[in-house]
Amino acid sequence: MFKIIIFYSLSEGMFSVLHRRQFAIIAGIMQTLFIVLFAKYVKYIDPLDDSRRVYSGTDYPLFQDVHLMIFVGFGFLMAFLKRYGFSAVSVNLLLSAFVIQFAMLLRGFLTVAFSETGLFSIGIPEMISAESSCAAVLITMGVLLGRLTPVQFLLLAFFETLLNVVVEHFVFNYLHVSVLSSKFPKIYREFQVNDSGRSLSVHTFGAYFGLAAAMVGHKKNVMEMDEHGGIHHSDLFSMIGTLLLWVFFPSFNAAIQEPEDARHRAIMNTYLAMASSTVTTFMVSSCVDTLGRFNMIHIQSSTLAGGVAIGKSSRVPTYSSNTYSGSAANAVLYPYHAVIVGVVAAILSVIGHAWISPRLEKSLHLFDTCGVHNLHGMPGILAGMLSIGFAYFYEPESYGKTLYHIYPYWIGGELNGDRENVSQAQYQAIGLLVILITAIIGGLLTGCILKIKIWNQVDDPDFPHGEMNYYAQSDVNFLSKYKHAQEQQRLRDREQMHEIY
Amino acid sequence: MFKIIIFYSLSEGMFSVLHRRQFAIIAGIMQTLFIVLFAKYVKYIDPLDDSRRVYSGTDYPLFQDVHLMIFVGFGFLMAFLKRYGFSAVSVNLLLSAFVIQFAMLLRGFLTVAFSETGLFSIGIPEMISAESSCAAVLITMGVLLGRLTPVQFLLLAFFETLLNVVVEHFVFNYLHVSVLSSKFPKIYREFQVNDSGRSLSVHTFGAYFGLAAAMVGHKKNVMEMDEHGGIHHSDLFSMIGTLLLWVFFPSFNAAIQEPEDARHRAIMNTYLAMASSTVTTFMVSSCVDTLGRFNMIHIQSSTLAGGVAIGKSSRVPTYSSNTYSGSAANAVLYPYHAVIVGVVAAILSVIGHAWISPRLEKSLHLFDTCGVHNLHGMPGILAGMLSIGFAYFYEPESYGKTLYHIYPYWIGGELNGDRENVSQAQYQAIGLLVILITAIIGGLLTGCILKIKIWNQVDDPDFPHGEMNYYAQSDVNFLSKYKHAQEQQRLRDREQMHEIY
Amino acid sequence: MFKIIIFYSLSEGMFSVLHRRQFAIIAGIMQTLFIVLFAKYVKYIDPLDDSRRVYSGTDYPLFQDVHLMIFVGFGFLMAFLKRYGFSAVSVNLLLSAFVIQFAMLLRGFLTVAFSETGLFSIGIPEMISAESSCAAVLITMGVLLGRLTPVQFLLLAFFETLLNVVVEHFVFNYLHVSVLSSKFPKIYREFQVNDSGRSLSVHTFGAYFGLAAAMVGHKKNVMEMDEHGGIHHSDLFSMIGTLLLWVFFPSFNAAIQEPEDARHRAIMNTYLAMASSTVTTFMVSSCVDTLGRFNMIHIQSSTLAGGVAIGKSSRVPTYSSNTYSGSAANAVLYPYHAVIVGVVAAILSVIGHAWISPRLEKSLHLFDTCGVHNLHGMPGILAGMLSIGFAYFYEPESYGKTLYHIYPYWIGGELNGDRENVSQAQYQAIGLLVILITAIIGGLLTGCILKIKIWNQVDDPDFPHGEMNYYAQSDVNFLSKYKHAQEQQRLRDREQMHEIY
């Protein structure tokens with residue numbers, strides 16, 4: 001190992017070694033850091049205190065559904081590119097494994113328990129929150145798929161998770177509200193934007209972060225480099241992802257809901273929105289095609305838009321110590337509202353695929369490999385606007401006993417809040433704006449950082465023998481095969497070495 | 001959009017536009033109707049009343065298992081045809097999303113709550129029932145795969161769900177029994193065919209409905225249009241479906257069982273029957289091959305026959321308002337009976353694939369694309385006959401305390417029933433017959449409706465440039481690709497337009 | 001059927017018929033035996049006594065996770081060979097269905113209930129145990145994939161399950177301890193090697209059993225017979241397996257844990273170990289490649305090593321009658337220990353793939369098709385050694401109240417044990433050795449039995465027209481297709497017949 005490194009570093013200079021070993025060095029530093037932080041600050045929740053809630057409260061089966069979505073669903077959803085299929089699935093695995101450790105630590109440092117005792121506990125609910133941070137990163141990855149190297153993706157995951165956890169904490173727990181409104185003079189008061197946690201902080205944030213990062217560079221159209229042709233098995237692999245996301249979306253939206261009634265409503269609303277969004281997708285997809293056929297991309301993506309738009313689940317229980325069961329609920333109260341949300345989201349998403357994305361590509365050179373803007377971006381904003389609308393238009397009485405679960409700061413609740421329809425709607429709107437703005441700024445900055453030449457970059461296909469390429473020559477170059485790698489590859493590697501350096 | 005439609009309608013006449021926009025119109029009407037009906041008649045169950053049962057009663061994890069079977073399992077099971085792989089998976093998604101909305105509404109209109117209050121509630125159990133109606137439609141789809149257009153499939157789903165829900169309601173709740181036996185003079189008495197719900201109303205109904213529909217037309221052999229060749233990845237995709245169905249069959253058979261003891265028996269019986277049916281499938285498959293090899297079709301399908309044959313779960317709680325927990329149980333009491341049922345079902349199914357299907361094709365020109373008759377048809381009838389046998393032969397004492405859960409009208413129960421072995425067995429037999437007859441008649445009628453020339457039909461491959469074809473030129477024609485669709489396809493489309501019209 | 005057999009047996013002699021029908025005969029005998037044994041000795045647990053524990057104790061959702069791992073996860077993990085993809089998945093199904101019946105019976109015969117009453121009961125926990133026996137057989141199958149015929153695999157499963165269940169029972173329940181230590185004079189005393197059940201009896205046992213069986217024969221390198229080439233869809237199928245195993249590994253390690261606190265710790269430890277092991281795998285994989293790329297095999301396999309190494313779940317509740325809730329726990333107490341275990345396991349596994357496996361192939365001609373030694377063998381041994389270390393180094397106080405759940409024979413417990421750090425560590429070490437030695441001896445013996453010429457053997461590709469070949473000509477030969485098999489194949493078969501016999 002070391003002999004090889006030294007040999008090359010002598011003959012080729014440190015620079016190329018840095019490029020070849022860059023990933024290993026960065027990943028190694030990060031993982032070592034995680035070990036140190038876990039050792040110093042993290043303990044398990046006391047199983048004998050909390051165990052009933054942990055398992056029997058059925059958090060674990062919901063967690064497993066979410067877990068399956070993140071690792072298998074998102075992974076295969078992005079496997080539709082013929083040349084990057086395996087890369088998509090494996091980078092998905094890498095980033096998720098990285099983010100769950102990182103997000104768990106970050107969230108822990110923001111807990112009250114940590115600030116009081118210097119230690120924090122983790123359990124099943126913390127695992128669910130960590131997975132939701134993964135989702136944001138994987139959505140961003142969908143925008144940039146095929147245009148970043150693994151090192152760049154790892155750095156992207158680092159910066160995005162950092163920003164995402166902090167913003168989420170800020171929006172859902174504290175906000176220096178005096179800046180926003182003189183009616184709320186107390187610094188660090190609970191801001192309590194409700195019903196918007198997941199859709200905003202995951203879908204909207206992830207999508208616009210990625211689009212902003214794509215703006216500042218990475219202006220290749222990967223789809224054109226992909227081989228053309230008819231139906232391919234990649235599309236069936238992609239359907240595995242689509243269907244797993246489809247099936248488990250109710251769990252995804254319900255996982256952080258408590259108590260049972262909120263969870264139940266989240267499940268039912270998502271289920272109905274998914275169903276109506278699917279029928280609508282086929283309908284609209286057939287409409288926008290000259291010959292009335294269906295478009296595979298729409299089926300693979302827009303069928304899920306209903307789940308994104310309805311996913312107005314509430315704040316992740318960040319603030320909560322483990323004894324506090326962060327109450328939250330899905331604010332859609334009538335089945336047909338859910339059905340309508342699904343219909344609108346699907347129309348928006350198909351129109352996005354058919355008309356908006358091509359225009360963005362032409363006018364802004366904004367390439368969006370997986371059409372994330374149409375699946376997560378616009379439906380996420382729709383969700384945000386719906387949450388404003390529902391807060392504004394629903395009569396407080398119609399919530400019944402669950403009003404204070406959904407909006408704890410409503411007038412008359414235990415927390416002595418003073419909100420009513422208008423002010424709660426304002427808060428929802430501010431939350432949407434904060435998320436959007438931070439996502440775009442964060443994405444632009446991260447995009448700039450990733451362009452720095454010190455990091456491995458994807459080759460320009462027109463540019464012969466740039467740096468080591470991870471994607472440009474497709475999976476074959478990204479990955480080495482096991483067998484007859486031992487001999488044959490060593491030969492090929494050496495030849496390539498001579499060519500490259 | 002509109003410009004295009006008008007342009008073509010002027011130049012080509014309304015007829016061809018009707019054909020191109022037919023799917024969108026019909027799907028649009030249906031989805032709009034659903035919204036109206038959901039708005040007027042449907043509410044969620046009160047989450048604070050019922051929530052414990054809803055989630056903690058562990059209905060949701062079981063629902064998720066069933067959900068996964070329906071959307072991923074059935075979808076990929078039908079992906080084994082090389083040219084229709086993607087179509088199968090996506091039409092599966094479309095029909096399921098359509099049926100779950102429709103079946104939920106239909107079942108609601110048949111509830112007591114609706115007839116009393118004009119409103120009905122939905123919750124997790126209603127979702128499970130809706131999914132079981134999907135299964136019946138998807139089984140029918142398996143018979144006709146590759147021979148109907150999406151419009152025809154949508155209409156098929158409409159008629160079949162309508163009939164299926166009504167028949168199920170009729171058989172498991174009411175029957176004008178005076179017609180059948182003078183001993184039961186009361187009109188609209190509970191008929192209570194037990195233990196046969198799922199196998200009969202789902203598997204048997206779905207299979208014979210489809211076979212009857214295939215009889216009146218659609219007499220192409222899709223398999224022969226499929227490319228020949230060796231092992232193909234389609235078969236591995238199909239195995240994803242097989243294995244998911246295999247794994248979750250215990251949940252499928254147990255989902256609507258209540259109380260816990262019935263659920264437990266259903267799980268165990270299914271598990272054992274699946275295992276023995278798999279070993280037997282390999283054994284018999286090797287027997288019927290001259291060289292002792294295994295047949296892929298048998299492995300993909302007959303290994304599941306045990307689950308179908310044992311799936312004698314009981315009546316769906318249609319009649320039940322939400323306060324009524326419809327009791328039901330799996331009537332197989334001894335482990336070895338389950339093992340034997342699995343063995344018999346597998347033998348039946350493999351023999352069906354090897355000898356019966358080819359004969360049906362030759363003599364009746366009855367083509368069964370996925371071999372549904374061998375997986376759902378015959379094992380479903382076997383299940384019906386077993387339910388007769390078990391009612392007849394088991395000593396009432398051997399049921400222990402659960403007798404009245406399984407057969408509420410048995411002598412001595414709370415409902416003042418007067419049944420014993422013979423009469424309960426007679427009821428079971430009548431239930432089987434009613435299901436079979438309505439399925440066949442319904443299938444024949446639906447087949448005739450689908451043949452009407454006003455609907456899009458699949459092209460005859462020997463017939464050049466008929467209507468727009470969805471299947472005949474395979475997936476490539478059924479679906480348009482996303483990219484360089486924008487330019488290139490528009491050109492191709494226009495050319496094709498000139499050719500076709 | 002019979003006519004064909006007789007016809008050939010007359011013309012070709014009994015010998016070739018025996019070979020063609022061998023599988024059917026053996027599978028038939030086994031399945032018949034299972035029916036008889038199930039009929040005589042097995043009953044279901046009384047659902048009204050135990051039902052709460054059965055379902056609501058949430059054993060079933062965990063069981064389903066494990067079930068999915070065994071049937072779908074392991075199956076697709078082994079689908080990475082292009083020519084044996086379908087064979088791998090279907091033989092996986094066959095062996096699992098066989099083993100679950102067999103293991104259930106075997107474990108039942110070893111229960112106290114059976115020795116006292118001549119009957120034993122089965123329920124969900126017995127299903128989970130049966131699946132863990134499957135895992136051992138499937139791991140062994142991974143070593144020998146492509147080099148055994150189905151008949152040989154069936155026999156392998158028979159012998160391995162027999163030995164595995166008996167050894168597990170011996171190690172975790174009884175040991176003639178007087179032989180080992182004069183301090184424990186009582187014959188048949190509880191040996192209580194804790195925390196090592198799954199990793200040792202499943203992963204280590206399965207891996208070394210397979211490697212030993214591979215030693216005595218079957219010395220082909222299947223990978224070389226596999227077509228070469230770039231990235232292939234087989235690798236994406238394999239990733240389905242990898243990811244399903246990845247996702248459900250926490251459930252696998254937690255399934256047999258009781259009470260809740262142990263289950264919770266097992267889940268959390270596995271989760272963290274999986275995450276750190278994945279990041280480390282990418283890091284080390286990039287290090288061992290000259291150009292810093294990732295290796296697909298490492299991603300497909302070593303990412304799981306953390307779950308294997310941490311999987312120190314405890315004894316399967318064999319001894320337990322159903323009233324006894326066998327207590328057990330995962331002995332890793334601190335999150336960062338789990339993170340470190342994942343890192344170490346991944347390093348070990350990648351180094352195994354990169355350096356140890358090629359050396360074993362060269363020097364010992366020990367071919368390991370799926371690299372099982374690197375995924376299950378070495379991490380399993382690591383798990384065993386860690387269990388020694390943790391027993392030795394942890395202060396008894398740090399366990400808190402759960403000490404006696406983890407080590408029931410520790411000084412001061414209800415069972416009047418006399419163990420402390422050193423003696424418990426000794427027991428752990430003896431358990432590891434017993435498992436290793438029996439696995440290797442059992443594997444060698446089974447390998448010899450499978451070499452007997454009476455069983456169907458895989459053809460030597462250099463040896464024209466040996467016996468019927470199941471693998472050598474790949475899936476095409478192993479399986480016959482459904483359609484135009486009826487005519488065309490019969491012709492081809494007959495030709496082949498004339499050639500072969």
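Rules and cut-offs
- Residues numbered from 1 in each chain as written.
- Chains lettered and ligands numbered in written order.
- Predicted model: local features only at pLDDT ≥ 70, side-chain atom pairs only at ≥ 80, totals over all residues.
- Heavy atoms only, no water.
- Helix = DSSP H or I, 4+ residues; strand = E, 2+ residues; numbered from the N terminus.
- Buried < 20%, exposed > 50% of the residue type's maximum accessible area, 1.4 Å probe, protein only.
- Contact = heavy atoms within 4.5 Å.
- Patch = residues over 30% accessible without salt bridge, like charges linked within 9 Å, V, L, I, M, F, W, Y side chains within 5 Å.
- Areas by Shrake-Rupley, 256 points an atom, 1.4 Å probe, with all protein chains shown as cover.
- Salt bridge = Lys/Arg side-chain N within 4 Å of Asp/Glu carboxyl O.
- Expected span 1.5 Å × (residues − 1).
- Bend = angle between axes of the 7 residues up to and from the residue.
- Polar contact = N/O pair within 3.5 Å; in protein donor to acceptor, adjacent residues only side chain to side chain.
- Core = buried A, V, L, I, M, F, W, Y, C linked by side-chain atoms within 4.5 Å.
- Phe/Tyr/Trp six-rings, centres within 6.5 Å; stacked < 30°, edge-to-face > 60°.
- Axes fitted to C-alpha atoms, helices over the stretch in contact; angles between N-to-C directions.
- Parallel < 35°, antiparallel > 145°, perpendicular 65-115°, else oblique.
- Left-handed = near helix turned anticlockwise from the far one by under 90°.
- Nonpolar A, V, L, I, M, F, W, Y, C, P; charged D, E, K, R; others polar.

Take the overall build of chain A next. A count of helical and extended segments in chain A gives 20 helices and 6 strands. Per-residue burial for chain A yields a buried fraction of 69% across its 501 residues. Within chain A, contacts between residues at least 6 apart in sequence are counted, and of these 79% link residues at least 24 apart.

Before going further, it helps to spend a moment on a nonpolar patch on the surface. All names here are of chain A. A cluster of nonpolar residues, Leu18, Ile25, Ile29, Ile452 and Ile454, forms a patch on the protein surface that exposes about 420 Å² of accessible area. One can find Ile29 in helix α2 (residues 14-41). Since its relative accessible area comes to 55%, Ile29 is described here as exposed.

A word on the environment of Gly431 of chain C. All names here are of chain C. Along the chain, Gly431 turns up in helix α18 (residues 421-451). You can call Gly431 buried: its relative accessible area is 0%. A C-alpha to C-alpha distance of 9.9 Å links Gly431 and Ile388, two positions 43 residues apart in sequence.

This part takes up helix α4 (residues 59-77) of chain A. Residues and elements named next belong to chain A. Taking 1.5 Å of rise per residue, the 19 residues of α4 would be expected to cover 27 Å, and the 25 Å separating its terminal C-alpha atoms lies within 8% of that figure. Approximately 35 degrees is the largest bend angle found in α4, and it occurs at Met69. Counted residue by residue, α4 has 19 buried out of 19 residues, so it is predominantly covered.

Another point: the side chain of Asn295 of chain A. All names here are of chain A. Among the secondary structure elements, Asn295 is positioned in strand β5 (residues 294-295). On the accessibility criterion, Asn295 (9% relative accessible area) is buried. Polar side-chain contacts of Asn295 include one of 2.9 Å to the backbone nitrogen of Ile297.

Now for the pattern of salt bridges. Residue and element names in this part refer to chain C. In this structure the tally under the stated criterion is 3 salt bridges over all chains. The partner of Arg107 in a salt bridge is Glu168, and the shortest N-O contact between them spans 3.1 Å. Of this pair, Arg107 sits in helix α5 (residues 85-109) while Glu168 sits in helix α8 (residues 150-172), and the two are 61 residues apart along the sequence. Across this residue pair, the class does not change: Arg107 and Glu168 are buried.

In terms of nonpolar packing, the biggest core is built from 402 residues, with Phe76 of chain A, Phe76 of chain B together with Phe76 of chain C touching the most fellow members. Once residues lying within four places of it in the same chain are set aside, the contact partners of Phe76 of chain A are Val89, Phe237, Ser238, Ile240 and Gly241 of chain A together with Leu236, Met239, Ile240 and Leu243 of chain C.

Once that is clear, we can look at unusual backbone geometry. Residues and elements named next belong to chain A. The phi torsion at His365 lies on the positive side, around 50 degrees, for a residue other than glycine. For His365, the location among the structural elements is in the loop between α15 (335-364) and α16 (372-393). Among the residues examined, His365 registers a relative accessible area of 44% and is labelled partly exposed.

Below, the discussion takes up the packing of aromatic side chains. Per the stated rule, a full pass over the model turns up 58 aromatic pairs over all chains. Taking 5.5 Å as the distance between ring centres and 80 degrees as the angle between the ring planes, the aromatic pair formed by Tyr41 of chain B and Phe109 of chain B counts as edge-to-face. Here Phe109 of chain B lies in helix α5 (residues 85-109) and Tyr41 of chain B lies in helix α2 (residues 14-41), a separation of 68 residues in the sequence. For Phe109 of chain B, a relative accessible area of 27% puts it in the partly exposed group. Grouped by ring-pair contacts, the aromatic residues Phe76 and Phe237 of chain A, Phe76 and Phe237 of chain B together with Phe76 and Phe237 of chain C constitute a single cluster.

Looking now at the packing of helix α4 (residues 59-77) of chain B against helix α7 (residues 124-144) of chain B. Residue and element names in this part refer to chain B. It is the contact of α4 with α7, at a shortest axis distance of 10 Å, that shows an interaxial angle of 20 degrees. If you check the angle between α4 and α7, you find them roughly parallel. As α4 packs across α7, the resulting crossing turns out to be left-handed. Across the interface between the two elements, Asp59, Tyr60, Phe63, Val66, His67, Ile70, Phe71 and Phe74 from α4 touch Ile124, Pro125, Met127, Ile128, Glu131, Cys134, Ala135, Leu138 and Ile139 from α7. The residue inventory of the contact of α4 with α7, partitioned by class, reads 14 nonpolar, 1 polar and 2 charged.

It is worth spelling out the environment of Leu18 of chain C at this point. Mapping Leu18 of chain C onto the fold places it in helix α2 (residues 14-41). Sequence separation of Leu18 of chain C and Ile454 of chain C is 436 residues, and the distance between their C-alpha atoms is 8.9 Å.

Right, let's talk about the side chain of Thr140 of chain A for a bit. All names here are of chain A. Locating Thr140 in the fold gives a position in helix α7 (residues 124-144). Owing to a relative accessible area of 0%, Thr140 belongs among the buried residues under this scheme. Among the polar contacts listed, one links the side chain of Thr140 to the backbone oxygen of Gly206, at a separation of 2.8 Å. Apart from the residues lying within four places of it in its own chain, the contact partners of Thr140 are Leu156, Glu160, Gly206, Phe209 and Gly210.

So far we have only geometry, and geometry alone does not tell us how the molecule works.
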